[in-house]
Amino acid sequence: MTHRSGCLICGAELEYFTEQLSCTCHFCGTTDTANARCAQGHYICEECHRSSANDVIERYCVHSDSLDPATLAATLMHHPSVNMHGPEHHFLVPAVLLAAYCGVKGVAKEEKSALIRTARQRSEDVKGGFCGLHGACGAGIGTGIFISLITGATPLSTRERGMSNRMTAESLLEIAQTGGARCCKRDSFLAILAAVRFVRNELGILLPVGNEIRCTFSELNRECLKEHCRFNGERSIRLCRAGMD
Ligand SMILES: [Zn+2]
Ligand SMILES: [Zn+2]
């Protein structure tokens with residue numbers, strides 16, 4: 001179940017207080033006073049609550065210290081502005097990868113913020129429906145944007161340009177071989193795992209991903225592959241078998 005009532009992050013009941021408490025926003029880290037938060041302590045500030053999907057993705061990825069791109073992605077997918085399917089996933093994929101990469105490499109906040117901003121500009125050129133209409137899923141292209149940014153690739157570079165294109169190719173192959181109608185959740189997770197594997201094998205950089213990825217969006221997706229999807233919440237597939245080998 002995804003959380004359509006209660007806390008947007010974890011689904012827990014909201015608690016209301018008679019006095020104002022100091023709360024830190026889960027998405028942007030701003031500290032505010034509020035009289036409601038969830039039983040687990042999650043709070044979302046007004047601005048994050050009404051932000052567009054790409055604004056909240058940018059703000060959250062710049063602010064977060066998490067090194068796990070899959071967990072960052074799963075949290076963002078629960079934000080109400082992020083639709084079940086939509087081109088915001090084309091930015092979400094490189095944004096969470098850049099956040100994790102910058103954390104692991106100790107990249108300064110200003111530089112991290114600039115990288116994520118550039119990823120947003122580039123990903124906004126990749127419109128919805130690219131997977132079926134142009135033969136290139138935007139989540140897959142998002143991994144190419146990620147590699148292009150961390151290697152500094154341009155159309156004139158050689159090795160870096162090759163790596164960026166190979167990254168996109170590996171993601172797209174994974175997405176194509178999985179089959180099914182488009183699912184922006186599944187395809188984003190597949191692309192993120194392909195990128196985690198790519199930077200480990202090609203650059204020796206380890207982006208830590210939790211034990212397993214369990215998607216909770218099945219009932220919102222008419223075309224969900226259900227038990228045939230490796231991320232199906234009903235199944236518990238160890239990540240080492242789901243894409244890390
Ligand atoms: Zn919560
Ligand atoms: Zn906020």
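**Student:** Can you walk me through the overall build of the chain in this structure?
**Tutor:** Along the backbone of the chain there are 10 helices and two strands. The helix and strand sequence of the chain, counted from the amino end, reads β-β-α-α-α-α-α-α-α-α-α-α. Against the compact-globule benchmark of 18 Å for 245 residues, the chain has a radius of gyration of 18 Å, which places it among compact chains. With 245 residues in all, the chain has 43% of them scored as buried.

**Student:** Whenever I open this one, the pairing of strand 1 (residues 14–24) confuses me. Can you help?
**Tutor:** The side chains of a regular strand alternate between the sheet's two faces. When you tally the buried positions in strand 1, you get one out of 11 residues, a small fraction of the element. Direction of pairing for strand 1 relative to strand 2 (residues 31–38): antiparallel, over a ladder of seven bridges. When the bridges of strand 2 are listed, T24 appears paired with T31. Hairpin connection from strand 1 to strand 2: six residues lie between these consecutive antiparallel strands, with G29 at a positive phi of about 80 degrees.

**Student:** I keep staring at the nonpolar core and nothing clicks. Help me out?
**Tutor:** Side chains of nonpolar character tend, in soluble globular proteins, to be buried together. Core analysis: the largest hydrophobic core is formed by 71 residues, its most contacted members being C61, A73, A95, V96, L98, I192 and A195. Contributions of two or more residues to this core are made by helix 2 (53–63), helix 3 (69–77), helix 4 (88–105), helix 5 (109–123), helix 7 (138–151), helix 8 (159–178) and helix 9 (184–203). Counting the residues that make up this core, at least three belong to each of domain 1 (1–50) and domain 2 (52–242). Discounting residues that sit within four places of it in the chain, A95 has contacts with I57, E58, C61, I116 and A119.

**Student:** What is the right way to look at unusual backbone geometry in this model?
**Tutor:** Most of the time, phi is negative for any residue but glycine, and the peptide bond is trans. In the Ramachandran plot, K226 falls in the positive-phi region, its phi being about 50 degrees despite a non-glycine side chain. Structurally, K226 is set in the loop between helix 9 and helix 10 (239–242). Judged by the 11 C-beta atoms lying within 10 Å of it, K226 is exposed.

**Student:** For this particular structure, what's the right way to read the domain arrangement of the chain?
**Tutor:** How large an interface is tends to be reported as the accessible area lost when its parts come together. Partitioning the chain into domains gives domain 1 (1–50) and domain 2 (52–242). Taking only C-alpha atoms, the centre of domain 1 and the centre of domain 2 are 26 Å apart. At the junction of the two partners, domain 1 supplies nine residues and domain 2 supplies 11 residues. Tallied by class, residues from the side of domain 1 that touches domain 2 come to six nonpolar, three polar and no charged.

**Student:** Can you walk me through helix 3 in this structure?
**Tutor:** Each turn of an α-helix holds 3.6 residues, which means side chains three or four residues apart point in the same direction. With eight of nine residues buried, helix 3 lies mostly within the body of the structure. Where helix 3 is buried, its residues touch helix 2, helix 4 and helix 9.

**Student:** Explain the environment of L14 here, please?
**Tutor:** Secondary-structure assignment places L14 in strand 1. On the basis of neighbour counts, which here come to 14 C-beta atoms within 10 Å, the residue L14 falls in the partly exposed class. Taking the C-alpha atoms as reference points, L14 and T154, 140 residues apart in sequence, are found 48 Å from one another. Setting aside residues no more than four positions away along its own chain, L14 makes contact with G6, C7, A36 and C38.

**Student:** Can you help me understand the packing of helix 2 against helix 5 in this one?
**Tutor:** In a packed pair of helices, the relevant descriptors are the angle between the two axes and the axis-to-axis distance. For the pair helix 2 and helix 5, interaxial distance at closest approach is 10 Å and the crossing angle is 155 degrees. Between helix 2 and helix 5, the interaxial angle falls into the category roughly antiparallel. Once helix 2 is placed against helix 5, the crossing between them reads as right-handed. Every residue of helix 5 that contacts helix 2 at N54, E58, C61 and V62 is listed here: K112, S113, I116, R117 and R120. For the contact of helix 2 with helix 5, a count of residues per class yields three nonpolar, two polar and four charged.

**Student:** Help me understand helix 9, please; the structure alone is not making it clear to me.
**Tutor:** If you check helix 9, its first and last C-alpha atoms are 27 Å apart, about what 20 residues at 1.5 Å a residue would give, namely 28 Å. In terms of residue burial, helix 9 counts as a mostly covered element, since 15 of its 20 residues are buried. Looking at the residues trailing helix 9, positive phi occurs at G204, about 65 degrees.

**Student:** Got a minute to help me understand the confidence of the model for the chain in this structure?
**Tutor:** Close reading of the predicted structure is inappropriate where its pLDDT is low. On average, residues of the chain score 90 in pLDDT, and 93% of them are at 70 or above. In the model, residues 236–245 has pLDDT below 50 throughout and makes 17 contacts with residues more than four positions away in sequence or in other chains.

**Student:** I would appreciate a short explanation of the environment of I116 in the present structure.
**Tutor:** Within the element layout of this structure, I116 appears in helix 5. A sequence separation of 12 residues divides I116 from V104, and the C-alpha atoms of the two residues are 15 Å apart. The residues touching I116, leaving out its near neighbours within four places in the chain, are E58, C61, V62, A95 and L98.

Reading the values: the criteria
Residues numbered from 1 in each chain as written. Chains lettered and ligands numbered in written order. Predicted model: local features only at pLDDT ≥ 70, side-chain atom pairs only at ≥ 80, totals over all residues. Helix = DSSP H or I, 4+ residues; strand = E, 2+ residues; numbered from the N terminus. Rg over C-alpha atoms; globule rule 2.2 N^0.38 Å. Buried ≥ 20, exposed ≤ 12 C-beta atoms within 10 Å, placed from the backbone. Pairing = 2+ DSSP bridges. Core = buried A, V, L, I, M, F, W, Y, C linked by C-beta atoms within 7 Å. Domains from an automatic or database assignment. Contact = placed C-beta atoms within 7 Å. Nonpolar A, V, L, I, M, F, W, Y, C, P; charged D, E, K, R; others polar. Axes fitted to C-alpha atoms, helices over the stretch in contact; angles between N-to-C directions. Parallel < 35°, antiparallel > 145°, perpendicular 65-115°, else oblique. Left-handed = near helix turned anticlockwise from the far one by under 90°. Expected span 1.5 Å × (residues − 1). pLDDT = per-residue confidence, 0-100.

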